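What follows is each chain in one-letter form.
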Amino acid sequence: MSYPDYTAPTTLREALEILGDTARIIQVLAGGTNLIPRLRSGEIEPHLLVDIRLLPLNLIRLEKDCLRLGAGVTYSQIMEDDMAVRYFPALVNACREIGSPSIRNRGTLGGNLAACIPEAGTVPPLLVYDAQISMAKGKTERTTPLSDFYRTSGESILEPGELIKEILLPLPAPATAAHFIKSGNRRGMTTAVVNAAVRISLDQKRYIREARIALGAYAQKPFRAEAAESMLVGCRLDEAPFDRLARLAVESNPARTDLFAGAEYRKKLARVLIARALREACTDLNKIEFHD
Amino acid sequence: MTEKTVHLWVNDRELSIAAEPSRTLLEVLREDLKCISVKEGCGRGDCGSCVVIMDGKPVNACLVLIAQAEDAHVLTLEGLSGGTALHPLQRLFVDKWAFQCGFCTPGMILSSYALLMKNLEPTEEDIKEAIVGNLCRCTDYHRVIEAVQEAARELRQLNEPG
Amino acid sequence: MSELEIVRNKASAFGSLDVVKGKAYYLKDLSFPGMLVGRLLYTAYPCAKILRIDVDIARSLPGVVAVLTHHDIPGENSYFYGGNSDQPLLAVDRVYYQGDALVAVAAENDEAANAALAAVIVEYQPLVGVFDPVAAMQPGSPRVWQHRDNIFDHTCVEDGNVENGFKEADIIIENTYHTQLVEQAFLEPEGALALTDLDGTLIVYASAQAPHRDRMQIARALALPESKVRVIVPRIGGAFGGKDEAHVQIHAALLAHATGRPVRLVRTREESILTHVKRHPVQIKYKTGVKQDGRITAVHVLAIGDTGPYVNAGQEVMGFLASMAAGPYRIANVRLESYTVFTNNPICGAMRGFGVPQVAYAYERQMDEIAHRLSLDPVKIRLLNGLETGDRLPTGVTLKEAGGMKAGLREAAELADWENRNSVERQPAPNLRRGWGVATSLFSIGLGKVWPDHAGAGLEMTLDGSVILRTGATDSGQGTHTVLAQIAAEALGVELSSVRVITPDTDKTLDAGSSVATRQIVVSGNAFLQAAKPIHKSLLLTAAEETGLPEEKLSLRRGFLYCDDEPLNLTVSDLAKKAWFKDRPLHGEGFYAMEYPKDVEHVQ
C-alpha cells in the first residue's frame, strides 16, 4: 500500500494543468472503487492522486436532444435520474447490476470507462446508445465515439494527462427499445461472465431501421457485433431471425478464457443472452403504438 | 508525506483531523477515532464489513480516502443509537438472532438502515438488494431479512398519526 | 432441575448487545500504547530452496524495530499440532507451499512495515513442485519431502468380505467424484497481539479456537515455561476450523519478545487466503454393489486427499472420511480406504465437517444413481438401507439409538410432499426448473479415541447470588458461551441474567480443548454440571438447615428456593450468604472426558 499525495482541484483548467505534469506519476481519482484496491495491493504506485470530486463533472443535463453525463456521475445518480430512466433504461439497468448499493454510491461512469476492464458493465449499453466520449487534455478537447475509445488490446485511447469530461448520449428516436442482460456466476456482487446489450429502432412501418448488439466481458474489450447488426436492418420486427443472429454474432467473434469461464461457455452464454435481449426489446416495441 | 487537516462530522461530532490524505476513511475511523465498529474484512469493497453512512448514503469506508470525506457527515454504528435507547434495527438484530460471530453486523445494520431511510415498506427483494454487498459467513441471511422487515413495521407504526 | 426452564428457552446470545452497539472487541480492535505493527514475509514460490535471506537493509529502515529470521527463534522453530512439528514458523532453507513465512517484521506503522518487507532480499532456487495428488502417488513422482514419501497415510476400515459382497450384487455402480478446495473465508482475518506484562509474563491475544494449545506452542517456540505465557481470546469473527491451528500467535509473540513492545499482527485477506488451512479437495472412487430390490451388498471406497506439504490435521481428516464413508447405511461388506497425500498445494486441515462433506456428497450421489438405475424411489432405498438402533458401524461402534434417521427421512418426505412430486409442474417458466432432492448423512462428534478429549470448567457464586462462569471453550459465534451459561444457570437454580461469563484466558479459565468437532457442549457442558454440584450442595444443605425441611424436597429455581413446587421465602442470594457464614464452599470445578466405546479401535 502506498500513500500518495492528494489534491482536489476546483476547476477543470487547474486539473488539466496538474495532469500535464510529466515528471510525476499521476492518477485520476473518481469513485475509487477500482483505484483504491489497486493502490492497496501495490499494483500502482502513483506520486499524486488528482480527485475530480470538486470539478463540475457530476451533473446530468439534457442539452439539444443529447443527455450529457459528467464523468464523475455515480451509478446511483444515473439510477435515480428521471431522464436516464426514461430514455436510457438499458444503461440504468446496467448500473443496477454493478456491485452493491455502497459501491454504486461511489463508482462513476468515467471511472468505469477509464478502468479498461473487459467486463465494464456500462460499456455495452453505452455502445448501443451510440455514446460519444468527450475528453480534455491541456488546452485541447476532443470527442470520439465510444466504439473508437478502446484499442483491440482493451486499452483506451486516453493519452497521458487526458481526462474524460463527459459522456454524450443522443436521445433515441421514438420507436426504440433497448435491453441489457448481465450474467455472472451469481446474481449479485459478481463479475460479469458475459454482458449483452441491444437496441432496436423501428421505422413507421415496423421495419428495423437501426440495430445495435454489444457484448462485454466476452472478449478483451467490449464491442459491437456489426455483422449481426446489419443483418437485422430491414427486417420486419416479428420476422427478425434473433437466434440466427445471435449465433452469427458469436461465431464471428472469438471469446476469451479466464478464471471465471472458458471461451466455449462464453459463446453459449452470449448466444442465449443476445437472443433473449433482442426478444425483450421486441416485446417492448410491440407495446408502442404507431400512428400510420 | 504531508498531512492534511480534514474537516468532517462523525456521529454528529464536528472534527478536524490531521491525516495523510490518502489514508482510507476506514483506517482513520478505526485507528484515530477508535470507531471500532467499522470492521476490515477485505479492504477492497467486496465484503461490506466496513459500510458506513456518508452524507446519507451507504459507502465502503475502505474505498473512501479521508481527504474525500472533507465536510462529510459520517455515521457509524456507534452513532446509530444516539443516546441510550437502541434503534429498532439494533434491538431486532439481537431479538431475531440475526448474527452469530457479529463481524458483518455493523455493516449489515447500516446497509439496512440506509434502506429504511428511503423505503419503509421494503419487499424481501428490496432487502436482499440492500444487503447484497454485506457478506455473512455464519448465517443464511434470512433472520437479517426478518429483523429488517420487523423494524420496518415498527418504524411505520411510529410514523402513523395518532 | 426437572423443569429445565432455562435450557429449554431460547436466549439472546451473550455479548449480542455489545455487537449491535458497536462495542464488541475483536482482535484488531485492541491496541496498546507503544504498539508496533507486525507483518510476515511470505515466499514468492510454492516450492523452492532458499539460498540466502538478507535482512540488513530492512533492519536499517526508519521506523523498523525488528526483523526476525529463523535464527532469531529462541526455542523450537515449528508449529506443534497433533504431535507433528514439520511446519516451521520461519523457513530455513526450503519452502513447501505458497504460504510459508520467511521473515517477521515489527515496525512503527503499516508503511514502515511494508517498506521492511519490500527491502528483504531473498534468493530462491525454484524447484519442481508436486501439485497433483494422484500423480504424487505414482512411483517416480517428484517428492515433496526428501525424508518421507508423498503418501503420508493410508487408512483402511474393513468389515465383512467385500469381494463376496460384490459377487452377491445384481449390479455394480462405480463412479469417481471430485470435491474442491474450500476456503473458510471467516469474515475476520487471523490476528494476534502480544505484549509483555509487568511481571514478565508474555500475554498473547489471539483470534483462535484453542488457546491452551496455543499457549503450549508459544512457550515451546520462545523457550519459556508455559506458566509464563498467557493466551486471551477476544470476540472471534468466525473460524469454522480455520483458526484451530496456530496462525500468527507465535510470530506475534516472537516479535513482542524481541522488541519488548506490544506487537499486533493481523493478516490481510489476501495473506489469509494464501496461508491458512483449508478443506481437503478429495478424489473419491466409490463402488457400490446392489441387489435388484435396492439392498446394498458391498461398498468399496478409495479416497485420495490432497493435504498440502504439512501433516497438520490431514491424517485425521482423511481417517475420519474413511470411517464415515459408508454413510448412514447398514452395509455388511465394506472396504473404506483413504490416502493422505503430500503436495505443494495449500495446507488442508480442519474445516467444518472434517472429511464428511466430501464423502457424503459421493455416497448420496451413488444412492441417487442406484435409485435411477433400478427404477426405485430414492427415499425408499435410503429407508431400506438406513441404520437402525442396535446396528453396528463398520468401525465396530454399536448404535445405542438410531431411530432418528428413518423417522426424520419419513417426516421430511411428507413435508416436501415427495409422493406427489411428479404431478407438480416441473417447468413453470422457460428458464425455471423445479426439482426435488434428498440426502442423508452420518456424522459424529468429538475428537475420536486417539486424542485427549476433555474439558475443565469453573463456577463461583458470589454472596449476592450472582455467578461467575469461567470457560476455556472459545465461541466463534455458534453460541457456546450462551449455552454453557444456560446450563450453569439451570444447574444452580439462578436466572440466566445473573451469570457472567469469563471468556477464554489461560490465566483464568481451565483447558477445555479446542472448539471443534461439535464437542464443547458435551464436554464443557458436562464439566459445568459437575462444577455446579458443590455449590448446589452447599446451598441445599444450608436451605435444609434453615427451613428444617428434608433436602430431597428442596430445589433451586430461577433464584428462589422451592419445596416441591412451592416457592419459599428464601432466595439463592440469602442462601449464599448463610452458606458462606457456615464455611461452606461456593465454588466448584468440573472435569469431563468424552466417553468412547471401549472395544473400538478406530478414529471416529
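What you are looking at is a predicted structure, and each value in this text was computed from that prediction instead of being measured.

Quick notes on the rules
- Residues numbered from 1 in each chain as written.
- Chains lettered and ligands numbered in written order.
- Predicted model: local features only at pLDDT ≥ 70, side-chain atom pairs only at ≥ 80, totals over all residues.
- Pairing = 2+ DSSP bridges.
- Helix = DSSP H or I, 4+ residues; strand = E, 2+ residues; numbered from the N terminus.
- Contact = placed C-beta atoms within 7 Å.
- Axes fitted to C-alpha atoms, helices over the stretch in contact; angles between N-to-C directions.
- Nonpolar A, V, L, I, M, F, W, Y, C, P; charged D, E, K, R; others polar.
- Core = buried A, V, L, I, M, F, W, Y, C linked by C-beta atoms within 7 Å.
- Buried ≥ 20, exposed ≤ 12 C-beta atoms within 10 Å, placed from the backbone.
- Domains from an automatic or database assignment.

Residues and elements named next belong to chain A. The antiparallel open sheet is built from 4 strands, whose spatial order is β9-β10-β11-β12. Among the strands making up the open sheet, the edge pair consists of β9 (176-184) and β12 (223-224). Across 8 bridges, strand β10 (residues 192-202) lies against strand β11 (residues 208-216) in antiparallel orientation. What sits directly across from alanine 196, in β11, is leucine 215. Along the sheet face, helix α11 (residues 263-286) touches β9, β10 and β11 and points at about 30° away from the line of β10.

This part is about the interface of chain A and chain B. In this complex, chain A contributes 22 residues to the contact, which on the side of chain B involves 25 residues. Per-class residue counts for the side of chain A that touches chain B are 10 nonpolar, 7 polar and 5 charged.

Our next topic: the nonpolar core. All names here are of chain C. Membership of the largest hydrophobic core comes to 274 residues, with the highest contact counts inside it found for Ala194 and Val204. Setting aside chain neighbours within four positions, we find valine 204 in contact with Ala192, Ala194, Ile218, Val229, Val231, Gln249, Ala252 and Ala253. Core analysis: the next-biggest nonpolar cluster, separate from the first, contains 42 residues, Val467, Ala488, Leu539 and Tyr592 among them.

How big an interface is tends to be stated in terms of the accessible area lost upon association of its parts. Under the domain assignment used here, chain A contains domain 1 (5-51), domain 2 (60-170) and domain 3 (176-286). Once you take the C-alpha centre of each, domain 1 of chain A and domain 3 of chain A turn out to be 36 Å apart.

Further remarks concern the domain arrangement of chain B. Residue and element names in this part refer to chain B. The domain boundaries assigned to chain B delineate domain 1 (4-79) and domain 2 (88-159). Here the C-alpha centroids of domain 1 and domain 2 sit 21 Å apart. Each partner contributes to the interface: domain 1 provides 14 residues, whereas domain 2 provides 12 residues. Residue assignment for the side of domain 1 that touches domain 2 shows that the elements contributing at least two residues are β3 (51-54) and β4 (57-60). Of the residues forming the side of domain 1 that touches domain 2, the biggest block, 3 residues, is contributed by β3. Among the residues making up the side of domain 1 that touches domain 2, the classes are represented as 8 nonpolar, 4 polar and 2 charged.

This brings us to the pairing of β3 of chain B. Side-chain positions along a regular strand alternate between the two faces of the sheet. Residues and elements named next belong to chain B. Both faces of β3 are covered, namely the face carrying Val51 and Ile53 and the face carrying Val52 and Met54. Taken together, the 4 bridges between β3 and β4 define a ladder with antiparallel strand orientation. Paired with isoleucine 53 across the strands is proline 58, a residue of β4. Between β3 and β4, which follow one another and run antiparallel, lie 2 residues, and aspartate 55 among them has a positive phi close to 50°. Of the pairings in the sheet, the one linking β3 to strand β5 (residues 73-75) comprises 2 bridges and is antiparallel in character. Note on β5: the bridge partner recorded for methionine 54 is valine 74.

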